[in-house]
Amino acid sequence: MSLDMKIRKDFGGFVLEEELHVGNETLALLGASGCGKSMTLRCIAGIVRPDEGYIRIDGETLFDSARNIDVPVQKRRVGLLFQNYALFPNMNVEQNIMMGMKMLDMTKKERAEECRRAVEKFYLNGLEKHSIRQLSGGQQQRVALARILVSKPRILMLDEPFSALDSFLRWELEQELMKVLGEFEGTSILVSHNRDEVYRISDHIAVISDGHVDCFDDKKEIFENPYTYQSALLTGCKNFSRAERIDSHRVAAPDWGISVRTSREVTEGVKYIGLRQSLHHPAMGQKDNVVGCDVLRAIEDLNDMILLLRCRGIQETSEFSDLHVTVSKQEWNMLEDKKHVRIYLEPENVLVMSR
Amino acid sequence: MDLFPLWNSLRIAVISSVIVFFTGIFCAYYVAKLPRLLKGALDVILTLPLVLPPTVVGYFLLMLLAPATPLGSWVDEHWSLRLVMNWQSSVAASAVVAFPLMYRTARGAFEGFDETLRYSAQTLGLSNTYIFWRILMPYCKQGIIAGLVLSFARGLGEYGATSMVSGYTPGKTATISTTVYQLWTLNDDHGAFIWVMINLAISAVVLLAVNLFERKDRETRTKAAAAGMRG
């Protein structure tokens with residue numbers, strides 16, 4: 001149960017160049033829209049042909065430009081859940097599920113039995129004869145998943161599975177999907193731009209940026225210790241500064257106009273440092289790692305105040321010079337001076353990025 | 001009254017519609033997949049009969065099929081067949097004139113097809129032929145039927161090209177439209193009027209059938225949509 005691939009595809013202006021090695025687990029491709037996540041799935045499925053490289057599932061070569069192998073989509077046995085579910089509108093629920101078994105070597109009775117089991121498993125009882133247009137978004141996703149699973153794919157790929165649903169349905173379907181992924185014997189890939197979703201569902205994460213794998217690691221590692229600008233950005237970090245190394249635990253941060261002590265080790269090639277948005281308290285008593293800021297705007301959120309700050313020590317503003325920090329309303333109300341605040345950058349909250 | 005023109009017009013319209021149905025869909029399917037430049041060029045050529053005067057189409061057909069031309073003389077030599085001045089040549093004329101209507105509406109329908117349906121069908125292992133007949137065609141049903149009706153109506157009323165390649169021979173190549181003209185030039189206003197009424201009746205029946213079909217289809221759709229909103 002594995003996926004090994006290394007592909008390159010030039011779309012004219014956009015180049016997809018990726019290498020991935022995944023075992024029997026759930027991999028998430030995390031990236032902003034247009035970064036090439038969905039295209040990666042289409043290459044694996046055989047819908048899009050890479051210019052060069054190889055794709056192997058469970059050791060079997062599906063594509064290899066050097067050996068001139070390109071197995072047609074129909075013979076790849078891959079399951080791909082499309083963003084819009086791609087159910088056939090001229091068929092009812094049962095007929096759609098049956099389509100997944102059309103090409104399998106099964107008797108009519110076995111098909112009917114398998115279909116019945118799928119209907120039961122995905123809570124579709126009573127909807128068998130309904131047309132697709134009569135279903136809610138959540139039911140449509142269940143039918144699409146049922147249809148894929150009865151086709152016995154070797155790999156399960158989910159392209160933004162919750163993007164078409166409202167937040168109320170999302171949670172429920174996410175729970176169901178996690179159950180499906182847990183039972184699925186094979187590699188599965190989830191494409192998403194939602195960090196929370198990705199964190200809950202996957203084992204490993206590949207951060208995709210501009211057509212290539214920016215970093216690939218265990219999900220905990222990526223969230224706790226993002227070591228690239230893209231991975232920090234996609235895991236929710238909002239404050240960045242360019243960085244110049246001073247020593248193993250201190251960098252100069254020109255965009256913030258101070259030098260910053262970090263608990264993470266600063267390597268020679270450090271490029272940026274980052275500061276997570278949450279959990280920052282105005283400085284009380286500290287002197288080191290404190291930055292004085294002007295408050296540009298204070299935005300009231302449900303529970304907190306979001307402050308847009310500009311560091312006072314900087315020479316010129318850049319794309320990084322504004323800070324987003326969150327303080328509790330209680331703390332905000334206690335502040336006497338609401339035009340200027342001093343922020344303590346906790347050394348363990350400072351992320352260090354090498355690119 | 002000799003009803004031959006009615007029978008002749010109907011068979012010409014039916015046969016040419018069948019021909020145009022397959023050729024139009026075939027061309028639409030493959031042209032829609034071509035790169036842009038080639039698509040544009042082929043599109044112009046395939047749509048030309050729609051904008052050319054039918055007599056010009058008839059002229060080109062005569063240039064191709066008349067006994068004096070290479071093709072015409074070759075067929076005459078081998079099978080002693082003439083490719084013009086019979087009802088079969090009217091079928092050819094109607095088909096050429098009606099072709100762009102089928103081709104264009106079908107292409108429009110195919111271009112509106114949700115490609116993810118094709119891709120998901122392929123990942124489920126369904127063959128391209130199966131996808132074409134059981135998923136693409138039902139999806140594009142509306143457009144295809146509209147094109148077919150337009151082609152049939154065009155074939156039924158075709159005059160210019162038909163009169164050039166088949167002429168008017170009572171009991172042999174006479175169609176409703178050529179008969180109306182012939183009777184009118186002979187000052188038989190009454191006879192012409194009868195054929196005009198017959199033509200009107202056929203057109204009305206065809207349009208009515210289309211409307212009925214569309215309404216039924218729309219009703220099932222709205223019903224389904226309403227149920228979907230409830231569910």
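Residues numbered from 1 in each chain as written. Chains lettered and ligands numbered in written order. Predicted model: local features only at pLDDT ≥ 70, side-chain atom pairs only at ≥ 80, totals over all residues.

### A word on the overall build of chain A
Regarding its fold elements, chain A presents ten helices and 21 strands. Projected onto the principal axes, the alpha-carbon positions of chain A cover approximately 75 × 50 × 35 Å. Split into buried and exposed, the 355 residues of chain A put 41% on the buried side. (Helix = DSSP H or I, 4+ residues; strand = E, 2+ residues; numbered from the N terminus. Buried ≥ 20, exposed ≤ 12 C-beta atoms within 10 Å, placed from the backbone.)

### A word on the overall build of chain B
Across its full length, chain B carries eleven helices and zero strands. When its helices and strands are written in sequence order, chain B yields α-α-α-α-α-α-α-α-α-α-α. Reported as C-alpha extents along the three principal axes, the dimensions of chain B are approximately 65 × 45 × 30 Å. Here chain B, with 231 residues, has 35% of them falling under the buried criterion. In chain B, the proportion of contacts linking residues at least 24 apart, taken out of those at least 6 apart, comes to 75%. (Contact = placed C-beta atoms within 7 Å.)

### Points about the sheet that holds strand β21 (residues 350-353) of chain A
Residue and element names in this part refer to chain A. The three strands are arranged β12-β16-β21 in an open sheet whose pairing can be described as antiparallel. With partners counted over all chains shown, the strands left at the sheet margins are β12 (239-242) and β21, one partner each. Averaged over all pairs of adjacent strands, the angle between their axes in this sheet comes to 25 degrees, without regard to strand direction. Taken together, the four bridges between β12 and strand β16 (residues 272-275) define a ladder with antiparallel strand orientation. For Arg242, the partnering residue across the bridge sits in β16 and is Tyr272. (Pairing = 2+ DSSP bridges. Axes fitted to C-alpha atoms, helices over the stretch in contact; angles between N-to-C directions.)

### Topic: the sheet that holds strand β15 (residues 258-261) of chain A
All names here are of chain A. Spatial ordering of the open sheet is given by β13-β14-β15, a layout of three strands whose pairing is antiparallel. Unpaired on one side and paired on the other, β13 (244-247) and β15 mark the two borders of the sheet. For this sheet, the mean angle separating the axes of adjacent strands, direction not counted, is 30 degrees. Two strands pair when backbone bridges link them, and β13 and strand β14 (residues 250-253) are joined in this way by three bridges, in the antiparallel orientation. Note on β14: the bridge partner recorded for Arg245 is Val251.

### Topic: unusual backbone geometry
Positive phi, normally seen in glycine, also occurs at A:Ala86, with a value near 50 degrees. Summarising the element assignment, A:Ala86 is placed in the loop between β7 (78-81) and α3 (93-99).

### With respect to the nonpolar core
Core analysis: the biggest nonpolar cluster contains 138 residues, and A:Leu81, A:Ala146, A:Met157, A:Ile273 and B:Val96 have the highest contact counts within it. Counting residues per element, this core draws most heavily on helix α5 (residues 87-111) of chain B, at 15 residues. Of the residues that make up this core, three or more belong to each of domain 1 (3-228) and domain 2 (237-353) of chain A. (Core = buried A, V, L, I, M, F, W, Y, C linked by C-beta atoms within 7 Å. Domains from an automatic or database assignment.)

### Things to note about the domain arrangement of chain A
Split into domains, chain A comes out as domain 1 (3-228) and domain 2 (237-353). Taken over C-alpha atoms, the centre of domain 1 of chain A sits 39 Å from the centre of domain 2 of chain A.

### Observations concerning the interface of chain B and chain A
Counting from both sides, the interface comprises 18 residues of chain B and, opposite them, 24 residues of chain A. Among the elements of the structure, α6 (115-123), α7 (128-139) and α11 (189-230) of chain B are those that each provide at least two residues to the side of chain B that touches chain A. The element that contributes the greatest number of residues to the side of chain B that touches chain A is α6(B), accounting for six residues. Considered class by class, the residues forming the side of chain B that touches chain A number ten nonpolar, eight polar and no charged. (Nonpolar A, V, L, I, M, F, W, Y, C, P; charged D, E, K, R; others polar.)

### Things to note about the pairing of strand β17 (residues 290-300) of chain A
Residues and elements named next belong to chain A. In this structure, β17 lies alongside strand β20 (residues 340-344), joined through five bridges in antiparallel fashion. Within β20, the residue paired with Cys293 across the bridge is Val341. Examined bridge by bridge, β17 and strand β18 (residues 304-311) share seven bridges and lie antiparallel to one another. What sits directly across from Ala298, in β18, is Leu307. Hairpin connection of β17 to β18: three residues between the antiparallel strands.

### Some thoughts on helix α10 (residues 176-185) of chain B
Listed in full, the buried residues belonging to α10(B) are B:Ile176, B:Ser177, B:Thr178, B:Thr179 and B:Val180. Of the residues one or two after α10(B), B:Asn187 is the one with positive phi, at around 65 degrees.

### Side note on the pairing of strand β11 (residues 212-218) of chain A
Inspection of the sheet shows strand β10 (residues 204-209) of chain A paired to β11(A) by six bridges, in the antiparallel sense. In the sheet register, A:Ile208 faces β11(A), and the bridge partner there is A:Val213.

### Some thoughts on the packing of helix α5 (residues 137-150) of chain A against helix α6 (residues 167-183) of chain A
Residue and element names in this part refer to chain A. Orientation of α5 relative to α6, taken along the N-to-C sense of each, is 15 degrees, at an axis distance of 10 Å. For the element pair α5 / α6, the angle class is roughly parallel. In this structure, α5 meets α6 at a crossing whose hand is right-handed. When α5 is examined against α6, the residues Gly137, Gly138, Gln141 and Leu145 are found in contact with a partner set consisting of Leu169, Glu172, Leu173 and Val180. Of the residues in the contact of α5 with α6, the class split is four nonpolar, three polar and one charged. (Parallel < 35°, antiparallel > 145°, perpendicular 65-115°, else oblique. Left-handed = near helix turned anticlockwise from the far one by under 90°.)

### Focus on the confidence of the model for chain B
All names here are of chain B. In the predicted model, chain B carries a mean pLDDT of 89, and the fraction of residues at 70 or more is 94%. When mean pLDDT is taken per element in chain B, α6 scores highest with 95 and α11 scores lowest with 78. Across the whole predicted complex the pTM is 0.83, and at the interface the ipTM reaches 0.84. (pLDDT = per-residue confidence, 0-100.)

### Observations concerning the environment of A:Leu190
All names here are of chain A. Mapped onto the elements, Leu190 comes out in strand β9 (residues 187-192). C-beta crowding within 10 Å serves as the criterion here: with 27 such atoms nearby, Leu190 is assigned to the buried category. Between the C-alpha atoms of Leu190 and Leu41, which are 149 residues apart in sequence, the distance is 9.3 Å. With sequence-adjacent residues up to four places away left out, Leu190 is seen in contact with Thr26, Ala28, Leu158, Val198, Ile201 and Ser202.

### Remarks on the packing of helix α2 (residues 36-51) of chain B against α5(B)
Residue and element names in this part refer to chain B. At a minimum axis distance of 7 Å, the contact between α2 and α5 shows a crossing angle of 120 degrees. Here α2 is positioned oblique relative to α5, judged by the angle of their axes. Seen along the crossing, α2 lies across α5 with a hand that is left-handed. Facing α2, whose interface residues are Leu46, Thr47, Pro49 and Leu50, α5 presents Val96, Val97, Phe99, Pro100, Leu101, Tyr103 and Arg104. Here the contact of α2 with α5 is composed, by residue class, of nine nonpolar, one polar and one charged.

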